[in-house]
Amino acid sequence: MIIASVVGLLIGVGLGLALNISYPTAYSFYITMGLLAAMDSVLGALRSYLEGKYSNVVFISGFIVNAVLAGLLVYLGDRLGVPLYYAVILVFGGRLFQNLAAIRHIIIDRWPARKESRRKIKTPALKNSAKQDEKNQEKSE
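Residues numbered from 1 in each chain as written. Predicted model: local features only at pLDDT ≥ 70, side-chain atom pairs only at ≥ 80, totals over all residues. Heavy atoms only, no water.

(A) Molecular detail of a nonpolar patch on the surface. Where nonpolar side chains cluster on the molecular surface, the patch consists of Ile3, Val7, Ile11, Leu15, Leu19 and Ile21 and spans about 620 Å² of accessible area. Looking at where Ile11 falls in the secondary structure, it is placed in helix H1 (residues 2-18). (Patch = residues over 30% accessible without salt bridge, like charges linked within 9 Å, V, L, I, M, F, W, Y side chains within 5 Å. Areas by Shrake-Rupley, 256 points an atom, 1.4 Å probe, with all protein chains shown as cover. Salt bridge = Lys/Arg side-chain N within 4 Å of Asp/Glu carboxyl O. Helix = DSSP H or I, 4+ residues; strand = E, 2+ residues; numbered from the N terminus.)

Next comes the structure, spelled out in structure tokens:
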């Protein structure tokens, strides 16, 4: 799963760099807010994966709905003359930081448990080798 995600990301970045695609500057707010919403969805998916609650349907629907909602808010604000993109930045930017904080906490909470499980695996082997050394010394005497 992770390998496929990394390969897909590398292919996307490679295509983006290889193809010279440009867009009008009038769309820059729309694209920026869509990317912000997409980043929020990806970090939310990573968080739910680490929590064991990941659902592909929820991720894909959230990815599309968040990007469309961000674009619609920017479009509506543009038509009304109100900078609604600030709301998009505030909401999705805040969620980005919340998801990053939650991911960091999950990783930090799991770190000692992993370290301890590795130590437990190594510890019996060390005890057994110490017992073997004692038995070998007794036999040699």
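Having seen it, we continue.
(B) Focus on the confidence of the model for the protein chain. Mean pLDDT over the protein chain: 83, with 81% of residues reaching 70 or higher. The least confident element of the protein chain is helix H4 (residues 85-140), whose mean pLDDT is 76; the most confident is helix H3 (residues 56-80), at 90. (pLDDT = per-residue confidence, 0-100.)

(C) View of the pattern of salt bridges. Tallied over the entire structure, the rule returns three salt bridges. Arg47 is the salt-bridge partner of Glu51, the closest N and O atoms lying 3.3 Å from each other. Highlighted residues: Glu51 and Arg47, both in helix H2 (residues 28-51), separated by four residues, approximately one helical turn. Classification of Arg47 by relative accessible area gives partly exposed; the value is 28%. Its salt-bridge partner being Glu51, residue Lys53 comes within 3.9 Å of it at the nearest N-O pair. (Buried < 20%, exposed > 50% of the residue type's maximum accessible area, 1.4 Å probe, protein only.)

(D) Representation of the side chain of Asn99 within the structure. The residue Asn99 is located in helix H4 in this model. With near-sequence residues (within four places) excluded, Asn99 lies in contact with Asp40, Leu43, Gly44 and Arg47. (Contact = heavy atoms within 4.5 Å.)

(E) How the structure looks around the layout of surface pockets. Volume-wise, the largest pocket comes out at about 660 Å³. Forming the boundary of the largest pocket are 15 residues, of which Ser5, Val6, Val42, Ala45 and Phe59 lie nearest the centre. Secondary structure elements with two or more residues in the lining of the largest pocket: H1, H2 and H3. For the lining of the largest pocket, the element with the highest residue contribution is H1, accounting for six residues. For the lining of the largest pocket, the residue count by class is 11 nonpolar, four polar and no charged. (1 Å grid on protein atoms, 1.4 Å probe; cavity = no way out; pocket = protein on both sides within 12 Å on 5 of 7 lines; lining within 4 Å. Points joined across faces, edges and corners; volume = space filled by probe spheres on them. Nonpolar A, V, L, I, M, F, W, Y, C, P; charged D, E, K, R; others polar.)

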